[in-house]
Amino acid sequence: MEEQATLPRHVPAKHIPHAESMAQAKDVLLPWLALNRLPAVGPVTQRQLLDAAGGMRGLCTASAENVYGWMQAAQAKCWLDFCHRKAHSELLRAAELDYALAREKGMLMLTIEH
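Novice: Tell me about the pattern of salt bridges, and name the residues and values.
Specialist: By the definition in use, this model includes six salt bridges. Residue K26 is joined to E96 by a salt bridge in which the shortest nitrogen-to-oxygen separation is 2.8 Å. On the criterion of sequence distance, the pair formed by K26 in helix α1 (residues 19-37) and E96 in helix α6 (residues 90-105) is long-range, its members being 70 residues apart. What makes E96 partly exposed here is its relative accessible area of 29%. Where D51 meets R47, a salt bridge forms, and the shortest distance between an N and an O atom there is 2.9 Å. Remark: R47 and D51 occur in helix α2 (residues 43-53); sequence separation between them is four residues, near one turn of the helix.

Novice: Could you give me a rundown of α6, with the residues and numbers involved?
Specialist: Between its first and last C-alpha, α6 extends 22 Å over 16 residues, near the 22 Å set by a 1.5 Å rise per residue. Turning to α6, its buried residues are L91, L92, A94, A95, D98, Y99 and A102. Along the axis of α6, the buried positions cluster into a sector of 165°, meaning they face one direction only. Exposed side of α6, more than 90 degrees from the buried face: E90, L97 and E104 are the residues found there.

Novice: Describe in detail the packing of helix α5 (residues 73-83) against α6, supporting the description with residues and values.
Specialist: The description of two helices packed together rests on the angle between their axes and the distance between the axes. Between α5 and α6, the least distance of the axes is 7 Å, while the angle of their chain directions is 60°. The orientation of α5 relative to α6 falls into the category oblique. For the pair formed by α5 and α6, the contact residues are C78, W79 and F82 on the first element and L91, L92 and A95 on the second.

Criteria and cut-off values
- Residue positions are given per chain, counting from 1 as you read along its sequence in written order.
- A pLDDT threshold of at least 70 governs which residues receive local features in this predicted model, and a stricter bar of 80 or more applies before side-chain atom pairs are shown or counted, although totals over entire chains, interfaces and linings include all residues.
- Heavy atoms throughout the structure, all of them, feed into the side-chain values; hydrogens and water do not.
- The term salt bridge refers to a pairing of a side-chain nitrogen on Lys or Arg with a carboxyl oxygen on Asp or Glu at a separation within 4 Å.
- The helix and strand labels rest on DSSP assignments: H or I over at least four residues marks a helix, E over at least two residues marks a strand, and numbering proceeds from the N terminus.
- Residue burial is assigned from relative accessible area. The probe radius is 1.4 Å, only protein chains are included, and a residue is buried under 20% of its type maximum, exposed over 50%, and partly exposed in between.
- For a helix, the expected span equals 1.5 Å multiplied by the residue count minus one.
- This arc is taken over the directions from the axis of the helix to the C-beta atoms.
- To get an axis, a line is fitted to the C-alpha atoms, and for a helix only the part in contact is used. The angle between two axes follows their N-to-C directions and goes from 0 to 180 degrees.
- Orientation is classified from the angle alone, with under 35 degrees giving roughly parallel, over 145 giving roughly antiparallel, 65 to 115 giving roughly perpendicular, and any other angle giving oblique.
- Whether two residues are in contact is decided by their heavy atoms: any pair within 4.5 Å suffices.

The values reported here are purely geometric and, on their own, carry no functional implication.
So, in structure tokens, the structure goes:
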């Protein structure tokens, strides 16, 4: 039987980020939340996108030509609007709401990169 990892019920005070690092944490976490909200993109496709781009930073800074090559047109437009923080970006709004809810509920968010 495979052992399952358990997460601690609390985070020790020394691991609670300061205000400056909270802004950095948001900048790091928003793309992950947005990728999870990208229409018709599941975990396998997420991994393929991240591999193609060389990670989340690469996916966020990729050229439009590359993004359109990796995704369907509607997905690519949605992702690029998010990455360029377009005011009309539904993906940005959804990621911001997910982040706010996670903070409000005290949720711990993990990513596959650091």
